[in-house]
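Tertiary structure, described
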Amino acid sequence: MRHPILIALLLVPGSALFVAPAQTIKNDTEFRVKLTAPLSTETNKKGDKITAMILQPPEFANAMMEGEVKESKSGGKVNGKSILSFTFQTINSGGKVIPVNSDVKSCFNSKGQANVDEEGRIIEKKSNVGKLAAVTGAGALIGALAGGAKGAAIGAGAGAAAALVLIQVGAKGANVTFASGSEIVLSVRERREAAK
């Protein structure tokens, strides 16, 4: 005869014997995130960490997405172009760190206005693949991007190349500025680490 306490433990989710399924991210899943601190070419510099709270999809809501600024350059007051390059590299969900790549699909300033910064400057977006290819070697980059997890394992540095695809936003004017609470819509892919 089974002991009733043991049966209860086996049936209660959250007990030590219950194992939750691992979360995975399908390629090009749309994420909507909210910046937890301002992001600007005026105040941020290369290497600064950036953090955003995930709003969508629901299974990752309230988890944190983390990354860093790769380039920050203010343009001239009249003619110059400001450049802000950044990348989100990880999702921290329930104590699990998930490495990711991401591309910006659209931005909303803290007032909810689409594809403009806090001053109303129009934001241009592009993935900084060309610059990266020149630095890391086009062969490794193409292998990592086209081959997914298998391709990323081919060639020295291919995994690193996949991790460094940057998001670049630019605007004519002195600075690109997003206040805390600004939202960014991303296309996210889980980054498979190459086997060592």
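The paragraphs below set out a description of the structure included in this document. (Residues numbered from 1 in each chain as written. Predicted model: local features only at pLDDT ≥ 70, side-chain atom pairs only at ≥ 80, totals over all residues. Heavy atoms only, no water.)

**Description of the pairing of strand β6 (residues 96–108)**
- With 4 bridges connecting them, strand β5 (residues 81–93) and β6 associate as antiparallel partners. Its bridge partner lying in β6, threonine 90 is registered against proline 99.
- Note that β6 and strand β10 (residues 183–190) share 8 bridges and pair antiparallel. Looking at the pairing, serine 102 lines up with valine 188 of β10. (Pairing = 2+ DSSP bridges. Helix = DSSP H or I, 4+ residues; strand = E, 2+ residues; numbered from the N terminus.)

**Observations concerning the packing of aromatic side chains**
- Under the criterion given, the structure shown has 2 aromatic pairs.
- A ring pair is formed by phenylalanine 31 and phenylalanine 60, whose centres lie 5.5 Å apart and whose planes are at 40°; its orientation type is tilted. Note that phenylalanine 31 is positioned in strand β1 (residues 29–35) and phenylalanine 60 in the loop between β3 (49–56) and β4 (64–73), a separation of 29 residues in sequence. Assigned by exposure class, phenylalanine 31 and phenylalanine 60 land together as buried.
- Relative to phenylalanine 88, the ring of phenylalanine 86 has its centre 6.0 Å away and its plane inclined at 85°; by these criteria the two rings are edge-to-face. Take phenylalanine 86 and phenylalanine 88: they sit in the same class, and that class is buried.
- A cation sits over an aromatic face here: arginine 32 above phenylalanine 108, 4.5 Å from the ring centre. (Phe/Tyr/Trp six-rings, centres within 6.5 Å; stacked < 30°, edge-to-face > 60°. Buried < 20%, exposed > 50% of the residue type's maximum accessible area, 1.4 Å probe, protein only. Lys NZ or Arg CZ within 6 Å of the ring centre and 35° of its normal.)

**Describing the side chain of arginine 189**
- In this structure, arginine 189 sits in strand β10.
- Given a relative accessible area of 17%, arginine 189 falls into the buried group.

**Brief notes about the nonpolar core**
- Ranked by internal contacts, the top residues of the largest apolar core, which has 27 residues, are Phe31, Met65, Phe86, Ile91 and Leu186.
- Every element with two or more residues in this core is listed here: β1, β3, β4, β5, β6 and β10.
- Setting aside its immediate chain neighbours within four residues, isoleucine 91 contacts Ile25, Phe31, Ile54, Phe60, Ala63, Met64, Met65, Lys96, Val97, Ile98 and Val100. (Core = buried A, V, L, I, M, F, W, Y, C linked by side-chain atoms within 4.5 Å. Contact = heavy atoms within 4.5 Å.)

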